[in-house]
Amino acid sequence: MIPNQWYAILDSKEIRKKNKPIGVTRLGENLVLWRDSAGEVHCLYDRCCHRGAALSTGKIKENNIQCPFHGLEYDGTGKCTLIPANSSIAKIPKFFKVHAYKVQERHGFIWIWWGKSQDTYPPLPWFEDVNRDFHYYTIRDHWKAHYSRVIENQLDVMHLPFVHHNTIGRGNKTVVEGPIVEISDNYEKVWFMNRRENGKLPIKYSELKKPPYPPLLHFKFPHIWQNKLSSDGRIIVAFTPIDDSNTMVYTRFIQKFVRIPILKQIASFIGKISSIIILHQDRRVVETQTPKISQLKSEEKLIPGDLPIIHYRRRRNELKNELKNNLKDISVADKL
C-alpha cells in the first residue's frame, strides 16, 4: 500500500450505532472504530498496549474504549486514561497509548490517514462534480486479490468483449485504438476508442487527437475510481485494501436523472444489480492473476492497449519511492 494517503476504509452506514466498537482489518492492520455520543468516529490500532488484547471486543465507556481484559481505557487520541488496577488517581505513564488514526467522514465514507502525522493534510481524493444531488446504493464485495490488481482491472480497456461479452462488452469491439491517457499529480484520465476488427492496424496513441468529449475513466490515487457514463449517471468505486491478498470493493451506481423519490430508489437499485453482475464477471478472472501484486517491473508482456495500466504502475511506484525514507514512521512499513 502507498503510505501518506487518505483511504476510504468503510461505508459510513457500517458504523450505525453510537458507543459500539467494531473491528476490521484494513491496509494490513487490525483497527477498531466507534462513534462517540456526538456521532464522531474514532479509529485506533486494535491492540491494547498492556497485554495485547483486541480492543474491539471491549466496550465504550463515556466515549472512551475499554479493554475487555483488564479494563484499561483509551480516548479517541489513543491516550490511556485509566488503569483500574493502579486506582483512578494514579498517574498514567505517557507510553501507555495506542496508535490513533486521523479520521474524516465525508461522501458517505469513513477515511483514515495511513502514514505519518502531518501539521496539515491534503484534501480527500474525490471528484468535485459529484455532490449530494446524486442518489446511490452501495455494494460491498470481497475480492480475494490485491487491491492493485483490482484497480488495474478497472483501467483495462481491452477485456470488455471477453470478460463482459454478454453485458457491457457486447459489440465485439476487440481492437483498441490508443488509448489516450492523461495523468496529472495523482489524477489519471482515460479516453478509449475500441472498434471491431476490420483488417487494419489500430491507430497509435501518438497519432490520436484527444476527443472533444470528457474521458470515460477517472482514477484518483490511491484507490478511488469513477466511470463517468454521463453528467447524471456514474459508477464510483473505492478499492479498499484489506491485506496483501484481499480487497473490499465499495461500488456505487450514482444517478440524478430520476428525481422522484420512489423512482430514484428503483433506478439506483437496478443500477446496483447490474453492477453486481458486471463486478462478478471481473472478479472471477482477477482472482486468478499471478503474480498477486502488480509491479512496475514484471514478467508480464504488456502491449499498447495497456497504457492506462502502465501509467498507473509508474505513478504508484513513484509515490512509494518518494516515501521510502519515511517508512519507519508507519506501523506496517513492510506492507507495500
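What counts and how
Residues numbered from 1 in each chain as written. Predicted model: local features only at pLDDT ≥ 70, side-chain atom pairs only at ≥ 80, totals over all residues. Heavy atoms only, no water. Phe/Tyr/Trp six-rings, centres within 6.5 Å; stacked < 30°, edge-to-face > 60°. Helix = DSSP H or I, 4+ residues; strand = E, 2+ residues; numbered from the N terminus. Buried < 20%, exposed > 50% of the residue type's maximum accessible area, 1.4 Å probe, protein only. Lys NZ or Arg CZ within 6 Å of the ring centre and 35° of its normal. Salt bridge = Lys/Arg side-chain N within 4 Å of Asp/Glu carboxyl O. Pairing = 2+ DSSP bridges. Contact = heavy atoms within 4.5 Å. Polar contact = N/O pair within 3.5 Å; in protein donor to acceptor, adjacent residues only side chain to side chain. 1 Å grid on protein atoms, 1.4 Å probe; cavity = no way out; pocket = protein on both sides within 12 Å on 5 of 7 lines; lining within 4 Å. Points joined across faces, edges and corners; volume = space filled by probe spheres on them. Nonpolar A, V, L, I, M, F, W, Y, C, P; charged D, E, K, R; others polar. Axes fitted to C-alpha atoms, helices over the stretch in contact; angles between N-to-C directions.

K.L.:
Kindly report on the packing of aromatic side chains, identifying the contributing residues and their values.
P.N.:
Scanning all chains against the criterion turns up 14 aromatic pairs. Considering the side-chain rings of Phe 109 and Tyr 250, the 6.0 Å spacing of their centres and the 80 degrees angle between planes classify their relative orientation as edge-to-face. One end of the pair, Phe 109, is in strand β10 (residues 109-114); the other, Tyr 250, is in strand β17 (residues 246-255), and 141 residues separate them in sequence. With a relative accessible area of 1%, Phe 109 lands in the buried category. Relative accessible area serves as the criterion here: at 0%, Tyr 250 is assigned to the buried category. Note on Phe 219 and Tyr 312: the rings are 5.6 Å apart at their centroids and 80 degrees apart in plane angle, and the pair reads as edge-to-face. One end of the pair, Phe 219, is in strand β14 (residues 217-220); the other, Tyr 312, is in helix α4 (residues 307-322), with 93 residues separating them in the sequence. According to the relative accessible area criterion, Phe 219 is buried, its value standing at 0%. Classification of Tyr 312 by relative accessible area gives buried; the value is 1%. Within the aromatic cluster, the residues linked to one another by ring pairs are Phe 109, Trp 111, Trp 126, Phe 127, Tyr 187 and Tyr 250. We note Lys 220 situated over the ring of Tyr 187; from NZ or CZ to the ring centre the distance is 4.8 Å. A cation sits over an aromatic face here: Arg 252 above Phe 109, 3.9 Å from the ring centre.

K.L.:
Tell me about the pattern of salt bridges, and name the residues and values.
P.N.:
Within this structure, the stated rule accounts for 15 salt bridges. Two residues, Glu 300 and Arg 149, come together in a salt bridge whose shortest N-O distance is 2.8 Å. With a gap of 151 residues between them, Glu 300 in the loop between α3 (261-286) and α4 and Arg 149 in helix α1 (residues 147-155) connect regions that are remote in the sequence. Judged by relative accessible area, which is 2%, Arg 149 ranks as buried.

K.L.:
Please set out the pairing of strand β4 (residues 41-45) residue by residue, giving values where relevant.
P.N.:
Among the five residues in β4, four count as buried, and that is most of the element. Summarising the sheet, strand β3 (residues 29-35) and β4 pair through five bridges and their orientation is antiparallel. Across the sheet, residue Leu 33 finds its bridge partner in β4, namely Cys 43. Here β3 folds back onto β4 in antiparallel fashion, the turn holding five residues, of which Gly 39 has a positive phi close to 90 degrees.

K.L.:
Talk me through the environment of Arg 196; I want residue IDs and the actual numbers.
P.N.:
Mapped onto the elements, Arg 196 comes out in the loop between β13 (187-195) and β14. Residue Arg 196 is classed as exposed on the basis of its relative accessible area, which comes to 53%. Separated by 17 residues in the primary sequence, Arg 196 and Pro 179 place their C-alpha atoms 15 Å from one another. For Arg 196, the residues in contact, after removing those within four places along its chain, are Gly 171, Asn 172, Lys 173 and Val 175. Polar side-chain contacts of Arg 196 include one of 3.2 Å to the backbone oxygen of Gly 171.

K.L.:
Outline the sheet that holds strand β8 (residues 80-82), supporting the account with residue identities and numerical values.
P.N.:
Taken in spatial order, the four strands make up an open sheet running β5-β6-β7-β8, and their pairing is antiparallel. Lying at the two open borders of the sheet, with one neighbouring strand each, are β5 (59-61) and β8. Relative to strand β7 (residues 73-74), strand β6 (residues 64-66) runs antiparallel, the two being bridged by two bridges. Within β7, the position partnered with Gln 66 by the bridge is Glu 73.

K.L.:
Hey, could you go over the layout of surface pockets for me, with residue numbers and the actual values?
P.N.:
The volume enclosed by the largest pocket comes to roughly 670 Å³. For the largest pocket, the lining is made up of 30 residues, of which Leu 160, Ile 168, Phe 192, Leu 216 and Asn 227 are closest to its centre. The set of elements that each furnish at least two residues to the lining of the largest pocket consists of α1, α2 (160-163), β13, β15 (224-228), β16 (233-243), β17 and α3. Of all the elements, α3 adds the most residues to the lining of the largest pocket, at six residues. Tallied by class, residues from the lining of the largest pocket come to 15 nonpolar, eleven polar and four charged.

K.L.:
Can you break down the sheet that holds strand β2 (residues 22-26) residue by residue, with the values?
P.N.:
Read from one edge to the other, the open sheet built from three strands follows the order β2-β3-β4, with strand pairing classed as antiparallel. Two strands close off the open sheet at either side, each with one partner strand: β2 and β4. Strand-to-strand twist in this sheet, taken as the mean axis angle between neighbours without regard to direction, amounts to 30 degrees. Taken together, the five bridges between β2 and β3 define a ladder with antiparallel strand orientation. Along β3, the bridge assignment pairs Thr 25 with Asn 30.

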